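Residues per chain are reported as follows:
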Amino acid sequence: MYIADPNRYNNMIYLRCGKSGLKLSAISLGFWHNFGYSDSLENMREIVRKAFDLGITHFDLANNYGPPPGAAEENFGRIFKLDLKPYRDEIVVATKAGYRMWDGPYGDWGSKKYLLASLDQSLKRMNLDYVDIFYSHRPDPETPIEETMEALYQAVHSGKALYAGISNYNPEQTKIAYSAAKQMGLKLIVNQVRYNMFARDVENSLFDTLNELGMGAVIYSPLAQGLLTERYLDGIPEDSRVRKSGVFLKESDITPERIEKVKKLSEIAKRRGQTVSQLALSWILRNKVVASVIVGASKVSQIEDNVGCINNLEFSEEELREIDEILNS
């Protein structure tokens, strides 16, 4: 029987999510990859247990994570039942709906019909009575944003979710969604967005909007699908995501220019006593609007490495200038 490490809260940092009462572990574990039917349940359990032992309390899922869609939630449900159930009140479980999940007109986008049906399915798959955060996974251009927010309101006020969030909403969409939710008596606390050293478009207007509204940012793809690690510095490994699927990271993404930038970033990381991935995560966490950074893992050692970033979160002005010069070159 799994017993969590009694020292698990000694080193992790917990950051407030916007102006809510909810704090999230600075590093979160994401189930986007490596938690499908073709993956080893025992390996998944080891990753989740190690994450919790290191103070990671925030687990990020979505209805369509797999493959196939639903598989990641089912596997989380198994792990929850086997290992985490005694610790339910110590963990934050988030899930989302908004991408294609099942056939027909009610299995995609942002209608109340889809979102609430999806949440019910997610709770069954995960063996949970409620989730801590329920997200609209993406804005729907054809459904009134008020209806999508009404679904989130109903999810929270029915007790099936404690908090509501949005994901992949731009600044204008975020403002409209926040206002619509507020009029119903619902506070959106978070926008989950893609952000890393190679994808910085959210840095200015969106982060400013979140600050203005009192919302937090939860970041996904912080390592650019593995580009911001040492993994590709000497070519493409045969067991890499590129070779396995090539869906989210393609060989064409691994350009000589980007590899050269990663090599230069590696020199800064070494001076700081960090790996490239630790540098990339610390660099994101320097921004005060960020409440948590979601990392994925296919093995325990990756979680251990990623969590190590919290040992050095401070940057000098010179380091930040040097990083900007590398990224903009």
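Conventions used here
- Residues numbered from 1 in each chain as written.
- Predicted model: local features only at pLDDT ≥ 70, side-chain atom pairs only at ≥ 80, totals over all residues.
- Heavy atoms only, no water.
- Phe/Tyr/Trp six-rings, centres within 6.5 Å; stacked < 30°, edge-to-face > 60°.
- Helix = DSSP H or I, 4+ residues; strand = E, 2+ residues; numbered from the N terminus.
- Lys NZ or Arg CZ within 6 Å of the ring centre and 35° of its normal.
- Pairing = 2+ DSSP bridges.
- Axes fitted to C-alpha atoms, helices over the stretch in contact; angles between N-to-C directions.
- Salt bridge = Lys/Arg side-chain N within 4 Å of Asp/Glu carboxyl O.
- Buried < 20%, exposed > 50% of the residue type's maximum accessible area, 1.4 Å probe, protein only.
- Expected span 1.5 Å × (residues − 1).
- Contact = heavy atoms within 4.5 Å.
- Polar contact = N/O pair within 3.5 Å; in protein donor to acceptor, adjacent residues only side chain to side chain.
- Right-handed = clockwise from strand over helix to strand, strands pointing away.

(A) Summary view of the packing of aromatic side chains. What the rule picks out here adds up to twelve aromatic pairs. Seen in terms of ring centroids, Trp32 and Tyr220 are 6.2 Å apart; in terms of plane orientation they differ by 90°. Their pairing is edge-to-face. Taken together, the residues span a long stretch of sequence, with Trp32 in the loop between strand E3 (27-30) and helix H1 (41-53) and Tyr220 in strand E9 (residues 216-220) at a distance of 188 residues. Through a chain of ring-to-ring contacts, three or more aromatic side chains come together here, namely Phe31, Phe35, Phe59, Phe76 and Phe80. Geometry around Tyr106 places Lys113 over its ring, the cationic atom sitting 5.6 Å from the centre.

(B) The sheet that holds E9, seen in detail. Ordered by their spatial adjacency, eight strands build a closed barrel running E3-E4-E5-E6-E7-E8-E9-E10, and the pairing between neighbours is parallel. Each strand axis lies, on average, 30° off the axis of its neighbour in the sheet, ignoring direction. Inspection of the sheet shows E3 paired to strand E4 (residues 58-60) by two bridges, in the parallel sense. Looking across to E4, one finds that Leu29 is bridged to Phe59.

(C) Structural context of the pattern of salt bridges. Under the defined criterion, the tally for this structure stands at 20 salt bridges. A salt bridge links Asp83 to Arg49; the nearest nitrogen and oxygen atoms lie 3.6 Å apart. Of this pair, Asp83 sits in helix H2 (residues 71-84) while Arg49 sits in helix H1, placing them 34 residues apart in sequence. Of the two residues, Asp83 and Arg49, neither departs from the other in class, the shared state being buried. Among the salt bridges present, the one from Glu322 reaches Arg271, with a minimum N-O distance of 2.6 Å. Of this pair, Glu322 sits in helix H11 (residues 317-328) while Arg271 is found in helix H8 (residues 256-271), placing the two residues 51 residues apart along the sequence. You can call Glu322 partly exposed: its relative accessible area is 23%. Classification of Arg271 as exposed rests on a relative accessible area of 56%. Residues joined in a network through salt bridges with shared partners are Glu42, Arg45, Arg49 and Asp83.

(D) Layout of the pairing of strand E10 (residues 290-295). Judged by how many residues are buried, E10 sits mostly within the fold: six of six residues are covered. In this sheet, E10 lies alongside E3 in parallel orientation, the contact comprising three bridges. The partner of Ile27 across the bridge, within E10, is Val293.

(E) H2, seen in detail. Between the first and last C-alpha of H2 there are 18 Å, a value that for 14 residues agrees with the 20 Å anticipated at 1.5 Å per step. The buried count for H2 comes to ten of 14 residues, which makes it a mostly enclosed element. Burial in H2 covers these residues: Ala71, Ala72, Glu73, Asn75, Phe76, Gly77, Ile79, Phe80, Asp83 and Leu84. As for H2, its buried residues are in contact with H1, E4, strand E5 (92-97) and helix H3 (112-126).

(F) Examining the side chain of Gln192 more closely. Mapping Gln192 onto the fold places it in strand E8 (residues 188-194). At a separation of 3.0 Å, a polar atom in the side chain of Gln192 contacts the side chain of Asp60. Discounting residues that sit within four places of it in the chain, Gln192 has contacts with Asp60, Lys96, Tyr135, Ile166, Ser167, Asn168, Val218, Tyr220 and Ile294.

(G) Structural detail: the pairing of E8. E8 sits mainly inside the fold: six of its seven residues count as buried. Inspection of the sheet shows strand E7 (residues 161-167) paired to E8 by four bridges, in the parallel sense. By the bridge assignment for E8, Gly165 is matched with Val190. One crossover worth recording links E7 to the parallel E8 by way of helix H5 (residues 171-184), and it is right-handed. Alignment of E8 against E9, held across five bridges, turns out to be parallel. Across the sheet, residue Val193 finds its bridge partner in E9, namely Ile219.

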